[in-house]
Amino acid sequence: MLRGVAALVTIMLALTGLAASWLAGVHIPFVEGKTYIAVQKLHAAFTPRPDGSNGPLFIMFIGSDLRPGVGGARGDALHLMGINPTLHQATILDIPRDTCADVPGSGHTKINAANEGGNAAQQTQAVASLVGVPVSYAVEVDFAGFMALVDGVGGVDVNIPYPMHDSYSNADFDPGPRHLNGVLALAFARDRHSFPTSDIQRTWDQGYLMIAAIQKLEKSYSTIAGRFQLAALMMQHAQLSGMDLQDLVKLGQVADDIAPNGIKTVTMPSTGGNCLTPTASARALFADFRDDGVLESYPAGTPQDVSPSP
Amino acid sequence: MPTGTPGFVLLANRSSVVSAGPPAHLSAATTKAAEGLVRDYVIRGTVDVLLTGRLGKGFSDLFGPETVAVLARPGNDRTTVTELGYGRSSGPIKVRATMHVTGLGDQSGNIVMMSASFKAAIRRGELSVDRSGELLLAPEGFRWVIIGYNLRARRAIGVAPASTTTASTPGRKP
């Protein structure tokens, strides 16, 4: 069983879709007392099933490109996680940032624009409508929060599957096992220039990093008291809406019941150029995901499944 | 065996605090509440079952409502968290327990949750039951209750191989 996942912190470690050259050679200071993470409760956590057990829980994770000197805030990394506490499984559905969808108040446009100005609830609603699931929580983290959290848990271990050398993101990795601190993890999560499929591969890499972070936390925080430590760490830089510290710990319990090999990540199959549209197989995937928060099968050719540890 | 009888011995109790804000303090009363919950849980869920075949009076009162609902259903959690469904044996019962309480302080320094990590060795004749793990405690009104758990129960009779079951709180409604 996966122990000490403390899902919120865990998953936030992996978020961030980033624009081109920012951070090249720049060190981001970690400012004490500053808020880097926002967690909102938007919906009842579970829909009870007829037998009294809990149905799936859906959580939206948004990596915002908000950073000093740059206006606006776009949700450039979008990951919708379905957790099934009964099956002890979870699926991370990665939504490419260039996906076009109906955005409240903006019509049919790029889905990452829904977070313009930092409206995570609106961003979440856009993704929820696209996929067709009720999303209970929205978690948003910015660049500095991402790095601070990775460093806060002592970094993460990944097995890099391909060469990543990109001056824009500062990614400079050969294939193989690596320990990533906050800065390196951010470079890994940002790199899109190393791949022909650009943001599609980057989106998948972020899901990969999420699972690596989960595995790290499984090893490091395997008890309830450990989850307290994580919650306390997170609360130093988090703003909660519609929930409190107790809710945060309880939410960690939910993820604690997921088996490590029961987590999958899959990128939404799409077609088109700058304005991606879900394919027919993506629609089938949404239906599968909607059912119980778990994907039973993958569309052919979809980046899928990871095993971050060597 | 009612709560607090000489048959239950708490060998050690340590406490610590993790805080999301200013330094928080576990008061003697709060620590005592955690001790009482662990003691009553072991006695009503194990000792009383060994004696009578039934859970001790007030067992459900130790838990929050959602946890009570889980334990009311037959299944692994019920047979791990309690001694229901296992042999009763005979003879005097002795319990030796150790525990460690960890408090979680919020951003105002108030203790909003506790983790009670414990080990309890219950002996009756050739029967031995070893319970260990953590209970997640939260305030409910003016008292503390168990709202989650991560427990392991090992049972053995004489030289027969021991059996072990585990249970942890599944997804609860946050």
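Conventions we followed
- Residues numbered from 1 in each chain as written.
- Chains lettered and ligands numbered in written order.
- Predicted model: local features only at pLDDT ≥ 70, side-chain atom pairs only at ≥ 80, totals over all residues.
- Pairing = 2+ DSSP bridges.
- Helix = DSSP H or I, 4+ residues; strand = E, 2+ residues; numbered from the N terminus.
- Axes fitted to C-alpha atoms, helices over the stretch in contact; angles between N-to-C directions.
- Contact = placed C-beta atoms within 7 Å.
- Buried ≥ 20, exposed ≤ 12 C-beta atoms within 10 Å, placed from the backbone.
- pLDDT = per-residue confidence, 0-100.

## A few points about the sheet that holds strand S5 (residues 143–157) of chain B
Item 1. Strand order across the open sheet formed by six strands is S1-S2-S3-S4-S5-S6 (chain B), with mixed pairing between neighbours. The open sheet has two free edges, formed respectively by strand S1 (8–19) and strand S6 (163–168) of chain B, since each of these has just one partner strand. Adjacent strand axes in the sheet meet at a mean angle of 15°, parallel and antiparallel pairs treated alike.
Item 2. Bridging between S5 of chain B and S6 of chain B involves six bridges; their strand directions are antiparallel. Residue pairing for S6 of chain B: Asn150 of chain B is matched across the bridge by Ser168 of chain B.
Item 3. Contacts between helix H6 (residues 224–235) of chain A and the sheet are confined to S1, strand S2 (93–105), strand S3 (111–124), strand S4 (127–140) and S5 of chain B, with S2 of chain B contributing the most and set at about 5° to the helix.

## Digging into the environment of Ala121 of chain A
All names here are of chain A.
Item 1. Looking at where Ala121 falls in the secondary structure, it is placed in helix H2 (residues 120–131).
Item 2. Residues Ala121 and Met60, 61 residues apart in the sequence, show an inter-C-alpha distance of 9.4 Å.
Item 3. Excluding residues that lie within four positions of it along the chain, Ala121 makes contacts with Gln40, Leu42 and Ala138.

## What to know about unusual backbone geometry
Residues and elements named next belong to chain A.
Item 1. Backbone geometry at His88 places phi at a positive 60°, although glycine is not the residue there.
Item 2. Mapped onto the secondary structure, His88 falls in the loop between strand S3 (75–84) and strand S4 (89–95).
Item 3. Looking at His88, the number of C-beta atoms within 10 Å reads 19, which means it is partly exposed.

## Brief notes about the confidence of the model for chain A
All names here are of chain A.
Item 1. Model confidence for chain A is summarised by a mean pLDDT of 75, while 74% of its residues fall at 70 or above.
Item 2. Here residues 1–30 is a poorly scored stretch, pLDDT under 50, and it has 113 contacts once near neighbours within four places are set aside; other chains count.
Item 3. Overall, residues 303–310 carries pLDDT values under 50, and its contacts beyond four positions in sequence, including any with other chains, amount to 22 contacts.

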